[in-house]
Amino acid sequence: MTPNKLLLLGDEAIAQAAIDAGVSGAYAYPGTPSSEILEYLIDSKEAKQKGIIAQWTANEKTAVEAAIGASYVGKRTIVAMKHVGLNVAADAFINSALTGANGGMIVVTADDPSMHSSQNEQDNRFYGDFAHIPILEPSNQQEAYDMCFYGFQLSEKFHIPILLRITTRVAHSRAGVLHKDPLPQNQISLPTDLKQYILLPALARKRWSKLLSIQPALIDESENSPFNKFIDGNDKSIGIIASGIAFNYVMENFQGANPYPILKISQYPIPEKLIKKLYNEVDRLIVIEEGYPFIEKMLTSFLCDNLKVEGKLTGLLPREGELNPNIVAQALGLPNIEGKDVPSIVVARPPSFCPGCSHIDSYNALNEALKDYSKGRVFSDIGCYTLGATPPFEAINSCVDMGASISMAKAASDMGLRPAVAVIGDSTFTHSGMTGLLDAVVYNAPITVIILDNSTTGMTGGQPSHANQRLVSICTGLGVNPEHIRIIKPLKNRHQENVQVIKEELAYEGVSVIIPTRECVQTLNRRMRAKFKEKGENK
Amino acid sequence: MKKDIILAGVGGQGILSIAATIGLAAIKKNLNIKQAEVHGMSQRGGEVVSHLRISDSQIFSDLITKGQADMILSLEPLETLRYLPYLHESGWIISNSEPYTNIPNYPDLELVYNEIRKYKNHVLINADEIAKKLNAPLSANMVLIGAAAHYLGFEPQEIEDAIREQFSKKGEDIVNVNIQAFREGLAFAKEYIKA
Ligand SMILES: Cc1ncc(C[n+]2csc(CCOP(=O)(O)OP(=O)(O)O)c2C)c(N)n1
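Residues numbered from 1 in each chain as written. Chains lettered and ligands numbered in written order. Predicted model: local features only at pLDDT ≥ 70, side-chain atom pairs only at ≥ 80, totals over all residues. Heavy atoms only, no water.

A. Up close: the overall build of chain B. Along chain B, the regular secondary structure elements total seven helices and six strands. Ordered by position from the N terminus, the helices and strands of chain B form the series β-α-β-β-β-α-β-α-β-α-α-α-α. Projecting the C-alpha coordinates of chain B onto the three principal axes gives extents of approximately 40 × 40 × 40 Å. Relative to its 195 residues, chain B shows a buried fraction of 60%. In chain B, the proportion of contacts linking residues at least 24 apart, taken out of those at least 6 apart, comes to 64%. Of the roughly 7,900 Å² of accessible surface on chain B, 50% is carried by carbon and sulfur atoms. For chain B, the distance from the average site of its 20 positive side-chain charges to the average site of its 24 negative ones is 2 Å. (Helix = DSSP H or I, 4+ residues; strand = E, 2+ residues; numbered from the N terminus. Buried < 20%, exposed > 50% of the residue type's maximum accessible area, 1.4 Å probe, protein only. Contact = heavy atoms within 4.5 Å. Areas by Shrake-Rupley, 256 points an atom, 1.4 Å probe, with all protein chains shown as cover. Lys, Arg positive; Asp, Glu negative; His and termini not counted. Charge placed at Lys NZ, Arg CZ, Asp CG, Glu CD.)

Structure, rendered in structure tokens:
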């Protein structure tokens, strides 16, 4: 490899591109497959030297708001999240298209088709379209780098935020990436119109008109984008539109020598002229995209007849799950010879709690405390502790969206369920649980909230948790009676004691919070190893 | 030259360190590589797989095409079987024989071995046992790379150089024990194929 070629994950390529493009502020809430973007920026010596702010935020909404603030003062900024994070941040995100960007602003969404570590497989390109801003969808790690770098320029050219969309395989695959000469950061320069960011109706209407007025220019930009490529082929019986990573699967099948014309799309709004040109040349137009049939649906809006279009909507490609080279081969009618089937003796090996995990002891205590009640009264949330749904625990009955446990338990108790329990992780609690707890306090809902405090955001790899050392003061501050804030230590030899505490609070006709507190075994091990290493180095 | 390798194992076993070693050897030879990893949910004692692709020409897909893998290199015998649809008919299975039994319904081990033995091109090796004999239980991964070395498209020396570089920060002792583990695996495979 040439010296300036780095072996990077797609996530890391994006982070390095942000550094090289002169970013000043990076904000994120962890979420697979996006977390390595901010982790890279936090660990990067170069970023530190350049004084780049790289911070975890309480949730995705505060992250996007932080980016809007950084952009307001004229600095370049990047914010990263997993796909469902954009639901949380949607209010800020959609409105940021109206305020516009002063310094370059990129919102990265890492979508997870096949739900490798997610609760749905939503395609966030729809959010980009909804917000009326350009979407960049790199097909590989080099493009992830190049398009992030370019995204800042595009953002500053049109004064709007850009949505950079990747999917799991781009995010979590490593390849050699060439990087560019670094650009300096922007100086502070406030918007020339100091009313630009005030979205009062009268002003917001102007901003909306302005956003609509640049749409043709954005389409033009896509028509001429170096990332949207028309690759001709002699055989016009089929034309292929392939977006993002789908392009790789197509080229993998043709080994670079495609017989059919291909339009690769990596920049949106969709390049209408390029599509029409292809459409008019071919007998069948096959649309291959990772995620929902986004382009395929759009085609109906401007092709007067779309009878030639085939893809996910026509059943040529599956609606569910991520793509792979074999699925694409089948869609293109190419030979597809798979290896032998998985032998029938093979069983699944689902993820499980780490040995020694504090959640194990918490669930054992909770199950025992609840054993005299009928099942089905524990609302829970998203994190390692969701594994409490699996045998032998089968201790929880819901996992919907971050923070839902508390609001759901409250409403269930409103409806008469006694006792009603919420089980939520410390990071999930500060992400979106605090507001639900406030609702419960205001109406003195008889619920028992168990905040599992392992001092980290465990599920996503052990990032720091905003809740750290703050849970008691947060709960007290929200108005929970301090007598009903109970800290327990989830350990085997405290089991009886813990069961007793939970039973007492289940019986209480008001809001109680129980906080089982013991560090995550993974972060504990990591800390010990680092300490050990440090000692060795100091010798 | 093209090598598509499925690396398989259980979360926490360290398939990424295998990918790192082979990847480093590839980079030192100026080859293109792509390596799809798994993060998140699947790491907690669950099944993990990484697609490692090495080529002297451009690599498009991050994922290996089913039926095209040159090798399944696996730290766990049951996990080996999970990825058989990826293996090309002339591909190799290099599999650890030591089971990782963190599930209650782990199948009869002999049946698992029999499925692997159905493939002519296979090496079934107890990498953990060999590593333990070297007093280096953490080097089972290197034993396994050794067992695979004949079919990876590298000279053994090139892989040793990569191991040396990978562990150089940890001191000469660690480097040596890992190279020793690699050589044991290499020698074992040579004998195994003959038998
Ligand atoms: C809106 C949203 N953002 C991020 C995630 C990714 N995510 C899943 S669980 C989790 C954190 C869990 O941390 P914590 O609540 O402390 O529980 P732990 O895993 O440590 O038990 C995160 C960030 C998500 N699923 N949804």
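B. How the structure looks around the nonpolar core. Residue and element names in this part refer to chain A. Core analysis: the largest hydrophobic core is formed by 110 residues, its most contacted members being Ile78, Ile240, Ile241, Ile288 and Leu299. If you tally residues by element for this core, the top one is helix H8 (residues 141-158), at nine residues. Residues lining this core come from more than one domain, with at least three contributed by each of domain 1 (5-213) and domain 2 (229-331). Apart from residues lying up to four places away in sequence, Ile241 is in contact with Leu263, Ile265, Ile275, Leu278, Leu285, Ile286, Val287, Ile288, Ile295 and Leu299. Judged by nonpolar contacts, the second largest core, of 48 residues, contains Cys357, Phe379, Leu387 and Phe429. (Core = buried A, V, L, I, M, F, W, Y, C linked by side-chain atoms within 4.5 Å. Domains from an automatic or database assignment.)

C. The pattern of salt bridges, seen in detail. The full count for this structure, using the stated rule, is 42 salt bridges over all chains. The partner of Asp146 of chain A in a salt bridge is Lys180 of chain A, with the nearest N and O atoms 3.6 Å apart. On the criterion of sequence distance, the pair formed by Asp146 of chain A in helix H8 and Lys180 of chain A in the loop between strand E8 (173-178) and helix H10 (201-213) is long-range, its members being 34 residues apart. The partner of Asp70 of chain B in a salt bridge is Lys2 of chain B, with the nearest N and O atoms 3.6 Å apart. (Salt bridge = Lys/Arg side-chain N within 4 Å of Asp/Glu carboxyl O.)

D. Broad picture of the interface of chain A and chain B. Between chain A and chain B, the residue contacts involve 50 residues of the former and 43 residues of the latter. Taken together, the two surfaces of chain A and chain B that pack against each other cover about 4,000 Å², and 56% of this comes from carbon and sulfur. Applying the counting rule to chain A against chain B returns four salt bridges. The interface formed by chain A and chain B includes 18 residue pairs in polar contact (both at pLDDT 80 or more). In this sheet, strand E2 (residues 32-36) of chain B lies alongside E8 of chain A in antiparallel orientation, the contact comprising three bridges. The residue bridging Arg174 of chain A from the neighbouring strand is Gln35 of chain B, located in E2 of chain B. (Buried area = accessible area lost by both parts, 1.4 Å probe. Polar contact = N/O pair within 3.5 Å; in protein donor to acceptor, adjacent residues only side chain to side chain. Pairing = 2+ DSSP bridges.)

E. Inspection of the packing of aromatic side chains at higher detail. Evaluation of the coordinates by the stated rule reveals 13 aromatic pairs over all chains. Each ring, one from Tyr72 of chain A and one from Tyr197 of chain A, has its centre 4.9 Å from the other, and the planes form 80°; the classification is edge-to-face. In this pair, Tyr72 of chain A sits in helix H4 (residues 60-72) while Tyr197 of chain A sits in the loop between E8 and H10, placing the two residues 125 residues apart along the sequence. Centroid distance Phe126 of chain A to Tyr292 of chain A: 6.1 Å. Interplanar angle 55°. Geometry classified as tilted. Taken together, the positions of Phe126 of chain A in helix H7 (residues 125-131) and Tyr292 of chain A in the loop between strand E13 (284-288) and helix H14 (294-302) put the pair 166 residues apart, joining distant regions of the chain. By way of ring pairs, the aromatic residues Phe126, Tyr268, Tyr292 and Phe294 of chain A are connected into one cluster. One cation-aromatic arrangement involves Lys277 of chain A over Phe230 of chain A; the distance from NZ or CZ to the ring centre is 4.5 Å. Lys340 of chain A extends its terminal NZ or CZ atom over the ring of Tyr119 of chain B, reaching a point 4.8 Å from the ring centre. (Phe/Tyr/Trp six-rings, centres within 6.5 Å; stacked < 30°, edge-to-face > 60°. Lys NZ or Arg CZ within 6 Å of the ring centre and 35° of its normal.)

F. A look at the sheet that holds strand E17 (residues 447-452) of chain A. Residues and elements named next belong to chain A. Spatially, E15-E16-E17-E19-E18 is the arrangement adopted by the five strands of the open sheet, whose pairing is parallel. Looking along the sheet, the strands with just one partner apiece sit at the ends: strand E15 (378-379) and strand E18 (485-488). Where E18 and strand E19 (residues 512-516) come together, four bridges link them in parallel fashion. Bridge pairing in E19 places Ile487 opposite Ile515. Across the sheet, helix H18 (residues 426-442) touches strand E16 (420-425), E17 and E19, and the angle it forms with E16 is around 150°. (Axes fitted to C-alpha atoms, helices over the stretch in contact; angles between N-to-C directions.)

G. How the structure looks around unusual backbone geometry. Residues and elements named next belong to chain A. Looking along the chain, the bond that leaves Pro391 and enters Pro392 is cis, with omega of 5°. Following the sequence through the fold, Pro392 ends up in the loop between E15 and helix H17 (404-414). In this chain, Arg418 is followed by Pro419 through a cis amide linkage whose omega measures -15°. Mapping Pro419 onto the fold places it in the loop between H17 and E16.

H. Geometry of the pairing of E2 of chain B. All names here are of chain B. Burial analysis of E2 places four of its five residues in the buried class, the great majority of the element. The pairing of E2 with strand E3 (residues 47-55) spans five bridges and is classified as antiparallel. Counterpart to Asn32 in the pairing with E3 is Ser55.

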